[in-house]
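Residue-level structure breakdown
Residue-level listing of the chains:
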Amino acid sequence: MNPGAGAKPPLVAAEAVAYRYPDGSPALRDLSLEVRAEERLALLGPNGSGKSTLLRLLGGDGAPGIRRDPRVDDAGRRWLAPDRPALRTWLSGRENAAILLELHGAGSGEARATADAWLARFGLEADADRPAGAYSSGMRRRLALATAFGTAAPLLLLDEPLAGLDPGGREAFAEALADHHGAGGTAVLSAHDPVFAAAHCDRVAFIVDGRCAVADTPARLLERVGARPRVEIRFAAGQALDPDTLGPAPEAVRASSRNEGAVILEVDDPSRALPETLAWVLRGGASVASVEVREPDLADAFATLTGRRLEERAR
Amino acid sequence: MTIWRLAWRTALRRRRLFLWNVAVPLLLLTPVALSAAAAPHRVAVFGVFIVFFGAFGSAIPAVRDARDGWLDEILRAGYSSPRWLLERTLAGTTIDALQLAPAVLVLLWSAGGAGAGAVVLLAVLATLWFANLLGPLVAAAVRSLAEAALASAALSLLLLHFAGFFRTPAPGWTSLVAEWNPYTPLRAALTAGTGGMPMDASVWLRSLLVAAGVTFGAAVFASDWSRRLRWPRTP
């Protein structure tokens, strides 16, 4: 890990943490990661890589290898929003939020007022009195996030906060995250969206197979993979090609990799490289479904630095 | 008292279920109360129903709360395990007592045992407290709703048997066990309420000591039990 210049001291740290599920399968293997005060840290990794387990350990009751600053050692100073929010389905959204805020230490009236304010910020004011059991998955996510931010806990641990959110929900979440950060809060979130992580987080950690492969700022992660544009050529279903089998690549192609159903080529100048690149690929005999030219993003950085794809299936 | 309020709010919000929980004991127990069955038989039926009502009604929601992650949320929010355990036991006891009250009143009225009303009320409350306390403990030892129901039934029947609901304890160790059984006051109170032998105040002493001891022990070990209940969702 690169501490970086001017880095704040860690608020929570995982030091060589290993954890096995009750069935004995490994979830985390020797994972080390620091969460610095007042940062927004995104955990990026494919399904089953250990992000949720790490969040639970960071927010839990003192697992071996987890070191917490006294400022967030008390359970009332942190909040974990799980990937599957648990709701009292018979109670309204407002009551669900208010009860959790009360459990977190707020008085009854204060909890209700805070719940109302945050439900409004997440666009749930009109549905606040409906039973939470009638909420859609996106509304449940909004409710869970409204409750999490309503706690004003200095350390927020948010598991898949973007799952099921529509653009309005994502915007509300991004604003709430920024406000929490502005108030000196620290947030760790797991996600599968590299664009959101790059835009709204101070650092990103790549989690693979229960380990932290790398953690750094989005800018530095992108620097490490180079700024060359990517040409992503997607093939018709069942016609994926391995670039290594196509013979020598044209000079314009600086590097190549493959994804499910696509090859990704790094080039210097897409407009000049595209014709010969396409011709090279088409020699393999596959039907091209689409061609996209884009700037590199954190998904490319993830692939380059970990040798794995963000969207690959859980092992 | 957030858990207490939550339990009441949930119970009152589910009005249909609440009314069913009043109606079913009435429908099942009224014929027994009004029948010509011998007092010990009526006492046994009421005893089994009251204990099962408390034990099932506590263990099954405890498993469900653990499975759904609700318990996890409560404890992660910083609420202490003993508070959670004691508040849910208190709420479960009072809600169960309210729902069972009409059926018990029918028994006392039909048997002309209104004079024993206060003792029966106290015994029902003490029994429900103990049965509600056992719920999370049973739930911590099982892994499914079906197992929770089975374990609650087995444990309850065993305790009822040793409290003398099904046969009078013979002198010796069974008699000793009955003296210390937390369900013995219920048997003695219901017997008094159905025109049987008046209840001896000394019946309370040992049984309540056991109930108090189990309550204290449960509060002390609540964090361990609640950790078991949170399996396997949480590290």
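From a predicted model like this one, the values you see are computed outputs, not experimental measurements.

Let's talk about the environment of A:A81
All names here are of chain A. In this structure, A81 sits in strand β5 (residues 78-81). Its 25 C-beta neighbours within 10 Å are what place A81 among the buried residues. In this structure A81 touches A144, L145, A148, L158, D159 and P161, once residues within four positions along its chain are discounted.

As for the sheet that holds strand β2 (residues 26-36) of chain A
Residue and element names in this part refer to chain A. The sheet built from three strands is open, its strands ordered β2-β1-β4 with antiparallel pairing. Every other strand in the sheet has two partners, leaving β2 and β4 (66-68) as the edge strands with one partner each. Each neighbouring strand pair of the sheet contributes to a mean axis angle of 10°, computed without reference to strand direction. This element, helix α1 (residues 51-59), spans β1 (10-20), β2 and β4 of the sheet and lies at about 125° to β1.

Concerning the nonpolar core
Grouped together as the largest cluster of nonpolar side chains are 147 residues, with contacts concentrated most on A:L44, A:V204, B:A139 and B:A189. Tallying contributions element by element places helix α6 (residues 117-141) of chain B first for this core, with 15 residues. What A:L44 contacts, discounting residues up to four positions off in sequence, is A:A191, A:P194, A:A197, A:V204, A:F206, A:I207, A:L298, A:F302 and A:L310. A:I233, A:V253, A:V263 and A:V281 belong to the second largest nonpolar core, which has eleven residues in total.

Observations concerning the confidence of the model for chain B
All names here are of chain B. On average, residues of chain B carry a pLDDT of 87, and 97% of them reach 70 or more. The least confident element of chain B is helix α11 (residues 222-230), whose mean pLDDT is 71; the most confident is helix α7 (residues 145-162), at 94. Interface predicted TM-score (ipTM) for the complex: 0.78; the corresponding pTM is 0.81.

A short note on the interface of chain A and chain B
Tallying the contact residues gives 25 residues for chain A and 20 residues for chain B. Those elements that place two or more of their residues in the side of chain A that touches chain B are α1 and α2 (93-103) of chain A. The element contributing the most residues to the side of chain A that touches chain B is α2(A), with five residues. In terms of residue class, the side of chain A that touches chain B is made up of 14 nonpolar, six polar and five charged.

About the thresholds
- Residues numbered from 1 in each chain as written.
- Chains lettered and ligands numbered in written order.
- Predicted model: local features only at pLDDT ≥ 70, side-chain atom pairs only at ≥ 80, totals over all residues.
- Helix = DSSP H or I, 4+ residues; strand = E, 2+ residues; numbered from the N terminus.
- Buried ≥ 20, exposed ≤ 12 C-beta atoms within 10 Å, placed from the backbone.
- Contact = placed C-beta atoms within 7 Å.
- Pairing = 2+ DSSP bridges.
- Axes fitted to C-alpha atoms, helices over the stretch in contact; angles between N-to-C directions.
- Core = buried A, V, L, I, M, F, W, Y, C linked by C-beta atoms within 7 Å.
- pLDDT = per-residue confidence, 0-100.
- Nonpolar A, V, L, I, M, F, W, Y, C, P; charged D, E, K, R; others polar.

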